[in-house]
Amino acid sequence: MDILEAIVANKRREVAAQKAAVSLETMLSISGSHMERPVVSMRAALGRSPSGIIAEFKRRSPSKGLLHPEAKVEDVATAYARGGAAACSILTDSDFFGGSLTDLRRARAAVGLPLLRKDFIVDEYQLFQARATGADAVLLIAAILTPDECERLAQTAHALEMEVMLEIHAEAELSHLNPHVDMLGVNNRHLGTFDTSVENSFRLAAQARRHAGEGAGAPLLVSESGLADVADVHRLRQAGFRGFLIGETFMKTPRPGETLQAFVRNLTALSEE
């Protein structure tokens, strides 16, 4: 069993326990008013942003261990907003990444930026959780879903007025694309081995455009993971990407917001050359 299989097996047990403890009907009755909150379009925010950075909050990862274990999400999210992030990704997996839905709820209370619930979503119940705790968008990972499961979950997310980012790592996973996908994320990190190469985004850019089409209705391209070099982000923008999900580069530093601000400043300078 590789790391991804272990995470997903654990996630299925976790969600089953959550559903047994709090039924969907009970959750909706408790959080009904939160479900009516107007969502903020992450896709639109990325499209108009000069940087397109989705700044991620996470305390640890299976590949890098502890990053910033004592970080407070409200402080980091606020600093990200000041630093020029177009959106925030909030990791809500507890056992492997040190996150929680409470982090998502606190980030929502702190900032008006679009928020992505980043987790290993395998059940529609998690989509209702995401909406109730402040997410504007959710991540669906092709590697852990069938195309039919992906389409059903994406359709439910849209019914809940959230946007969908589909994450792929290989060309074969483009079969998971469906009309409900708003953003197509190319993960530069293999989720089974955690090997990382930014070249994966460049390699898949042309194939993604062929499958997804181009124009106003096509999913917006997002590059994920392993982005530490401003020059790489600049080249990715030239290749057609408009979103850049960056977490460890910021979170491993004492002041993630200031690191982001410097990154944005350097990216702007490079773009103006």
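Okay, so let's go over this structure. As the structure is a computational prediction, the values presented were derived from the model and not from experiment.

**Looking at the overall build of the protein**
Scanning the protein from terminus to terminus reveals 11 helices and 10 strands. Against the 2.2 N^0.38 benchmark of 19 Å for 273 residues, the protein shows a C-alpha radius of gyration of 17 Å, consistent with a compact globule. With the principal axes as the frame, the protein shows a C-alpha extent of 55 × 40 × 40 Å. Across the protein, every contact between residues at least 6 apart in sequence was considered, and the portion connecting residues at least 24 apart equals 70%. Accessible surface, the protein as shown: approximately 11500 Å² in total, 51% of it carbon and sulfur. Charge centroids of the protein, computed over 30 positive and 35 negative side chains, lie 4 Å from each other.

**Thoughts on the pairing of strand 9 (residues 220-224)**
Of all five residues in strand 9, five are buried, a share of seventy percent or more. The side-chain alternation of strand 9 yields two buried faces, one formed by Leu220, Val222 and Glu224 and the other by Leu221 and Ser223. As paired strands, strand 9 and strand 10 (residues 243-246) are joined by three bridges and run parallel to one another. What sits directly across from Val222, in strand 10, is Gly243. With helix 9 (residues 230-238) bridging strand 9 and its parallel neighbour strand 10, the resulting β-α-β unit is right-handed.

**Let's talk about the sheet that holds strand 4 (residues 87-91)**
Spatially, eight strands are ordered 1-4-5-6-7-8-9-10 in a closed barrel, and the strand pairing comes out parallel. With strand direction ignored, the average angle separating the axes of adjacent strands in the sheet is 25 degrees. Alignment of strand 4 against strand 5 (residues 115-118), held across four bridges, turns out to be parallel. Within strand 5, the position partnered with Ser89 by the bridge is Leu116.

**Describing the packing of aromatic side chains**
Taken as a whole and judged by the stated rule, the model has three aromatic pairs. A network of ring pairs unites the aromatic residues Tyr80, Phe250 and Phe263 as a single cluster.

**Concerning helix 1 (residues 3-21)**
Between the first and last C-alpha of helix 1 there are 27 Å, a value that for 19 residues agrees with the 27 Å anticipated at 1.5 Å per step. Listing the buried residues of helix 1 in full gives Leu4, Ile7, Val8, Asn10, Lys11, Glu14 and Val15. One side of helix 1 holds all its buried residues, which, seen down the axis, span an arc of 165 degrees. Every exposed residue of helix 1 that faces more than 90 degrees away from the buried side is listed here: Arg13 and Ala20. Looking at the buried side of helix 1, the elements it contacts are helix 6 (124-132).

The rules behind the values
- Residues numbered from 1 in each chain as written.
- Predicted model: local features only at pLDDT ≥ 70, side-chain atom pairs only at ≥ 80, totals over all residues.
- Heavy atoms only, no water.
- Helix = DSSP H or I, 4+ residues; strand = E, 2+ residues; numbered from the N terminus.
- Rg over C-alpha atoms; globule rule 2.2 N^0.38 Å.
- Contact = heavy atoms within 4.5 Å.
- Areas by Shrake-Rupley, 256 points an atom, 1.4 Å probe, with all protein chains shown as cover.
- Lys, Arg positive; Asp, Glu negative; His and termini not counted.
- Charge placed at Lys NZ, Arg CZ, Asp CG, Glu CD.
- Buried < 20%, exposed > 50% of the residue type's maximum accessible area, 1.4 Å probe, protein only.
- Pairing = 2+ DSSP bridges.
- Right-handed = clockwise from strand over helix to strand, strands pointing away.
- Axes fitted to C-alpha atoms, helices over the stretch in contact; angles between N-to-C directions.
- Phe/Tyr/Trp six-rings, centres within 6.5 Å; stacked < 30°, edge-to-face > 60°.
- Expected span 1.5 Å × (residues − 1).
- Arc of directions from axis to C-beta.

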